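Tertiary structure, described
Now for the letters of each chain:
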Amino acid sequence: MRVSAPSLSPKPVSASRTVISVVALPRDSNHYGCVYGGTVMGLVDQAAYAAAIRHARQTVVTVCVEQITFLRRIYVGDVITVRAAVNYVGRTSMEVGVRIETERMRTGAVEHVGSAYVTMVALDADGTPIPVPPLELETDDDRRRRGEAAARRRTRVARVRRAERRGHDGR
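My aim in this report is to walk through the structure given alongside it, one point at a time. (Residues numbered from 1 in each chain as written. Predicted model: local features only at pLDDT ≥ 70, side-chain atom pairs only at ≥ 80, totals over all residues. Heavy atoms only, no water.)

1. Quick look at the overall build of the chain
Helix and strand content of the chain: 2 helices and 7 strands. If you list the helices and strands of the chain from N to C, you get β-β-α-β-β-β-β-β-α. Expressed as lengths along the three principal axes of its C-alpha atoms, the size of the chain is roughly 45 × 45 × 40 Å. For the chain, the proportion of its 171 residues judged to be buried stands at 39%. Of the contacts formed within the chain by residues at least 6 apart in sequence, a portion of 73% connects residues at least 24 apart. With 27 positive and 18 negative side-chain charges, the chain shows a spacing of 4 Å between the two charge centroids. (Helix = DSSP H or I, 4+ residues; strand = E, 2+ residues; numbered from the N terminus. Buried < 20%, exposed > 50% of the residue type's maximum accessible area, 1.4 Å probe, protein only. Contact = heavy atoms within 4.5 Å. Lys, Arg positive; Asp, Glu negative; His and termini not counted. Charge placed at Lys NZ, Arg CZ, Asp CG, Glu CD.)

Encoded structure:
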């Protein structure tokens, strides 16, 4: 069976929006009842994957987690909600912005507890990067996020080029 190539027509940011919610369980935490950062990072990667594949409709892989910031602790029993959407599209790559929130079940208070930026690349069946659809910006917030993502991309590309010139050992 032959699979047809997905359309490269522009797709709106809203088509990539993804929300994942889970309850923080004891297996996800340390002996103080605080959720491991690695548990949250796994949720961030899953949400970024879902957002990117919704946009590309192709296999995608994580290339870079540009930044992940933890602002507050998450405790056992809290509901962790991870929200993701594509911020920027290059030729084969996408930056996905991810917001991490927690709902304190005893009080109902919802807090922003972290953020991350994840770069995903679309691949064909042979593992070769392939083009992704352009991003259709719908709101002023989408335009702001795209501008900020473009600046992060320029910084990231410059950093990679410097590393390549020095060699991968950092000298």
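2. Observations concerning the pattern of salt bridges
Enumeration according to the criterion identifies 14 salt bridges in this entry. The partner of Glu 66 in a salt bridge is Arg 156, and the shortest N-O contact between them spans 3.4 Å. Taken together, the residues span a long stretch of sequence, with Glu 66 in strand E3 (residues 59–70) and Arg 156 in helix H2 (residues 140–166) at a distance of 90 residues. Judged by relative accessible area, Arg 156 falls into the buried class, the value being 11%. Salt-bridge contacts for Arg 143 lead to Asp 140; the nearest nitrogen and oxygen are separated by 3.1 Å. Within this pair, Arg 143 and its partner Asp 140 are both found in helix H2, separated by 3 residues, close to a single helical turn. Judged by its relative accessible area of 61%, Asp 140 falls in the exposed class. (Salt bridge = Lys/Arg side-chain N within 4 Å of Asp/Glu carboxyl O.)

3. Some details on the nonpolar core
Core analysis: the biggest nonpolar cluster contains 32 residues, and Ile 74, Ile 80, Met 94, Val 96, Val 98 and Met 120 have the highest contact counts within it. Put simply, the parts of the chain that give this core at least two residues each are helix H1 (37–56), strand E4 (79–89), strand E5 (93–103) and strand E6 (110–123). At 8 residues, H1 tops the list of elements feeding residues into this core. (Core = buried A, V, L, I, M, F, W, Y, C linked by side-chain atoms within 4.5 Å.)

4. Thoughts on H2
A rise of 1.5 Å per residue sets the reference length of H2, with its 27 residues, at 39 Å; its end C-alpha atoms lie 40 Å apart and thus fit the reference within 8%. Those residues of H2 that fall on the buried side of the exposure criterion are Asp 142, Ala 149, Ala 150, Arg 152 and Arg 156. On its buried face, H2 sits against E3, E4, E5 and E6. Backbone geometry just downstream of H2 places Gly 167 in the positive-phi region, at approximately 95 degrees. (Expected span 1.5 Å × (residues − 1).)

5. Things to note about the sheet that holds E5
The strand order across the open sheet formed by 5 strands is E2-E4-E5-E6-E3, and the pairing between neighbours is antiparallel. Here the strands that pair on one side only, and so sit at the sheet edges, are strand E2 (18–23) and E3. Direction aside, the axes of adjacent strands within the sheet are offset by 25 degrees on average. Contacting E2, E3, E4, E5 and E6, H1 runs over the sheet at an angle of about 45 degrees to E4. Most of the contacts of H2 go to E4, to which it runs at about 75 degrees, and overall it touches E3, E4, E5 and E6. (Pairing = 2+ DSSP bridges. Axes fitted to C-alpha atoms, helices over the stretch in contact; angles between N-to-C directions.)

6. What about a positive patch on the surface?
Where like charges cluster on the molecular surface, the positive patch consists of Arg 153, Arg 161, Arg 162, Arg 165 and Arg 166. Checked against the element boundaries, Arg 161 lands in helix H2. (Patch = residues over 30% accessible without salt bridge, like charges linked within 9 Å, V, L, I, M, F, W, Y side chains within 5 Å. Areas by Shrake-Rupley, 256 points an atom, 1.4 Å probe, with all protein chains shown as cover.)

7. Describing the packing of aromatic side chains
Overall, the coordinates contain 0 aromatic pairs when judged by the stated rule. One Lys or Arg, Arg 152, reaches over the ring of Tyr 117 and ends 3.5 Å from the middle of that ring. (Phe/Tyr/Trp six-rings, centres within 6.5 Å; stacked < 30°, edge-to-face > 60°. Lys NZ or Arg CZ within 6 Å of the ring centre and 35° of its normal.)

8. Here we look at the environment of Val 118
One can find Val 118 in strand E6. When its relative accessible area of 1% is taken as the criterion, Val 118 is described as buried. C-alpha of Val 118 to C-alpha of Arg 159: the two residues are 41 residues apart in sequence and 16 Å apart in space. Residues contacting Val 118, with those up to four places away along its chain left out, are Val 44, Asp 45, Ala 48, Thr 62, Cys 64, Val 65, Met 94, Glu 95, Val 96 and Val 98.

Bear in mind that shape data such as this cannot, by itself, settle questions of function.
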